[in-house]
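Tertiary structure, described
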2 protein chains.
Amino acid sequence: MLTIGKLGAKAGVKVPTIRYYEQIGLLPEAERSAGNQRLYGSKALERLAFIRHARDLGFTLEAIRDLLSLSDNPDQSCAAADAIAKAQLLEVENRLARLTALKAELERMVVQCAGGRIADCRVIEVLGDHSLCATDHLHPETEETP
Amino acid sequence: MLTIGKLGAKAGVKVPTIRYYEQIGLLPEAERSAGNQRLYGSKALERLAFIRHARDLGFTLEAIRDLLSLSDNPDQSCAAADAIAKAQLLEVENRLARLTALKAELERMVVQCAGGRIADCRVIEVLGDHSLCATDHLHPETEETP
DNA sequence: CCTTGAAGCTATAGTTGCTAGAGACATTAG
DNA sequence: CTAATGTCTCTAGCAACTATAGCTTCAAGG
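This write-up is about the structure you can find in this document.

When its secondary structure is counted, chain A shows six helices and two strands. Listed by position from the N terminus, the elements making up chain A come as α-α-β-β-α-α-α-α. Counting every position in chain A, which comprises 146 residues, the buried fraction comes to 38%. Of the accessible surface of chain A, which amounts to about 7,900 Å², a share of 52% is contributed by carbon and sulfur atoms.

In this section: the packing of helix α1 (residues 4–11) of chain A against helix α2 (residues 15–23) of chain A. Residues and elements named next belong to chain A. Closest axis-to-axis distance for the α1/α2 pair is 9 Å, and the angle between their directions is 100°. In terms of orientation, α1 lies roughly perpendicular with respect to α2. Between α1 and α2, the residues in contact are Ile4, Gly5, Leu7 and Gly8 and Val15, Ile18 and Arg19, respectively. Among the residues forming the contact of α1 with α2, the class breakdown is four nonpolar, two polar and one charged.

Now for the protein's contact with DNA strand D. In the vicinity of DNA strand D lie 18 residues, with Tyr21 and Arg55 of chain A together with Thr3, Arg19 and Arg38 of chain B positioned nearest. In the model, a phosphate oxygen of DNA strand D is placed 2.8 Å from a nitrogen or oxygen of the Arg55 of chain A side chain. For DNA strand D, a phosphate oxygen lies 2.6 Å from a polar atom in the backbone of Arg38 of chain B. Where the surface near DNA strand D is concerned, the elements lending two or more residues are α2 of chain A together with α1 (4–11) of chain B.

This next bit is on the protein's contact with DNA strand C. In the vicinity of DNA strand C lie 18 residues, with Gly5, Arg19 and Arg38 of chain A together with Thr17 and Arg55 of chain B positioned nearest. The protein-proximal atoms of DNA strand C, defined as those within 4 Å of the protein, are 90% sugar or phosphate. One of the side-chain N or O atoms of Thr3 of chain A is found 3.0 Å from a phosphate oxygen in DNA strand C. In the model, a phosphate oxygen of DNA strand C is placed 2.8 Å from a nitrogen or oxygen of the Tyr21 of chain B side chain. Of all elements in the fold, only α1 of chain A together with α2 (15–23) of chain B reach the threshold of two or more residues within the surface near DNA strand C. Broken down by element, the surface near DNA strand C gets its largest block of residues, three residues, from α2 of chain B.

Bringing the packing of α1 of chain A against helix α3 (residues 42–56) of chain A into the picture now. Angle between the axes and distance between the axes: these two values describe a pair of packed helices. Residues and elements named next belong to chain A. Taken N-terminus to C-terminus, the directions of α1 and α3 make an angle of 45°; their axes are 10 Å apart at the nearest point. Looking at the two axes, α1 sits oblique to α3. Here α1 runs over α3; the crossing is right-handed. Contacts from Leu7, Lys10 and Ala11 of α1 reach α3 at Ala44, Leu45, Leu48 and Arg52. Considering only residue class, the contact of α1 with α3 consists of five nonpolar, no polar and two charged.

Residues and elements named next belong to chain A. For the coordinates displayed, the defined rule picks out two aromatic pairs over all chains. A ring pair is formed by Tyr20 and Tyr21, whose centres lie 6.0 Å apart and whose planes are at 45°; its orientation type is tilted. Accessibility expressed as a relative area gives 40% for Tyr20, which makes it partly exposed.

With that out of the way, let us pick up helix α4 (residues 61–72) of chain B. Taking 1.5 Å per residue, twelve residues should reach 16 Å; α4 of chain B reaches 16 Å between its end C-alpha atoms and fits that length. The complete set of buried residues in α4 of chain B reads Leu61, Ala63, Ile64, Leu67, Leu68 and Leu70 of chain B.

With that out of the way, let us pick up the sheet that holds strand β2 (residues 31–32) of chain B. Ordered by their spatial adjacency, three strands build an open sheet running β1-β3-β2 (chain B), and the pairing between neighbours is antiparallel. What marks the edges here is a single partner per strand, and that holds for β1 (2–3) and β2 of chain B.

It is worth spelling out unusual backbone geometry at this point. The backbone of Asn36 of chain A sits at a positive phi, close to 75°, despite the residue not being glycine. Position of Asn36 of chain A among the secondary structure elements: in the loop between β1 (31–32) and β2 (38–39).

Moving on: α2 of chain B. Each turn of an α-helix holds 3.6 residues, which means side chains three or four residues apart point in the same direction. Residue and element names in this part refer to chain B. Considered for burial, the residues of α2 that qualify are Ile18, Tyr21 and Glu22. Projected onto a plane normal to the axis of α2, the buried residues spread over an arc of 100° and lie on a single side. Facing away from the buried side of α2 by more than 90 degrees, the exposed set consists of Pro16 and Gln23. On its buried side, α2 packs onto α1, β2, β3 (38–40), α3 (42–56) and α4. Once α2 finishes, Gly25 follows within two positions and takes phi at roughly 85°, a positive value.

Scoring rules and cut-offs
- Residues numbered from 1 in each chain as written.
- Chains lettered and ligands numbered in written order.
- Predicted model: local features only at pLDDT ≥ 70, side-chain atom pairs only at ≥ 80, totals over all residues.
- Heavy atoms only, no water.
- Helix = DSSP H or I, 4+ residues; strand = E, 2+ residues; numbered from the N terminus.
- Buried < 20%, exposed > 50% of the residue type's maximum accessible area, 1.4 Å probe, protein only.
- Areas by Shrake-Rupley, 256 points an atom, 1.4 Å probe, with all protein chains shown as cover.
- Axes fitted to C-alpha atoms, helices over the stretch in contact; angles between N-to-C directions.
- Parallel < 35°, antiparallel > 145°, perpendicular 65-115°, else oblique.
- Contact = heavy atoms within 4.5 Å.
- Nonpolar A, V, L, I, M, F, W, Y, C, P; charged D, E, K, R; others polar.
- Near = heavy atom within 4 Å.
- Polar contact = N/O pair within 3.5 Å; in protein donor to acceptor, adjacent residues only side chain to side chain.
- Left-handed = near helix turned anticlockwise from the far one by under 90°.
- Phe/Tyr/Trp six-rings, centres within 6.5 Å; stacked < 30°, edge-to-face > 60°.
- Expected span 1.5 Å × (residues − 1).
- Pairing = 2+ DSSP bridges.
- Arc of directions from axis to C-beta.

Put into structure tokens, the structure is as follows:
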């Protein structure tokens, strides 16, 4: 049996986070010792590792809640879990596209900064003037109805 | 002179967000009309556009606060602005690497889920068992001190 | 056996970057 | 002039934690 501290260390999750997960119902209420301290077995460790892994992969706690409820009754079809993963994949591809554009823009900004005065600084200039921006891709919805 | 609504429309920022920016000191307190409504000139519009653009590029409000204070006294060296932009670039590259790894992982998950029962479904398995994870890259700090 | 310090407990409040609501006043179109 | 829309302040809420305060419990040393 693990105390909350040990569990946190093993799973790479901070102690208050574990209590938070219990509070919002992602983890079941833990057993308690005689002195009212939480005690965890290996099932809890697995579940926590699952949550942490999914968080690292960018799943929201809501998606994780769904995935967990799927894995809690493993006799249903895989389709639901598959759908969740696919939705996440779309999200990720989206974020990836935006981030890539963003990286290009920042690189452009940084490269063009010759170390002069701020008055001539491309960083400030580009940030101040949208028309200097290479990626229309970013902030497309500005000025709809002039 | 623009009312807050017009300003928001021009800059692509919602009205409460403008008030929020004023509240936290990113925008100066606006002039008021006789009836106590905020009025903005073109300087405010520029500043707000700057903020929005920087937010789109992923800068935190703190970083933006710094950038704005730099651009408020434009006779100093560009180095600080450059540093902020470079830090942001690093951050973005980091996120990009993580997201790329994540995409591969999700693709693997989706491909391997052939539509069987959850018991055979790799989605749950991959998320639950770190060792099945293709990308060591993610969650590196798990289990430091066993 | 006792003490001391670390780790645990609960409960509350703070973080970031907004967004949403309530209820009152201002402005504008018809 | 009235009705509709816009704006005002203030408060509370969102995700997903993180930090604080003021306790109790536990493990190890003397």
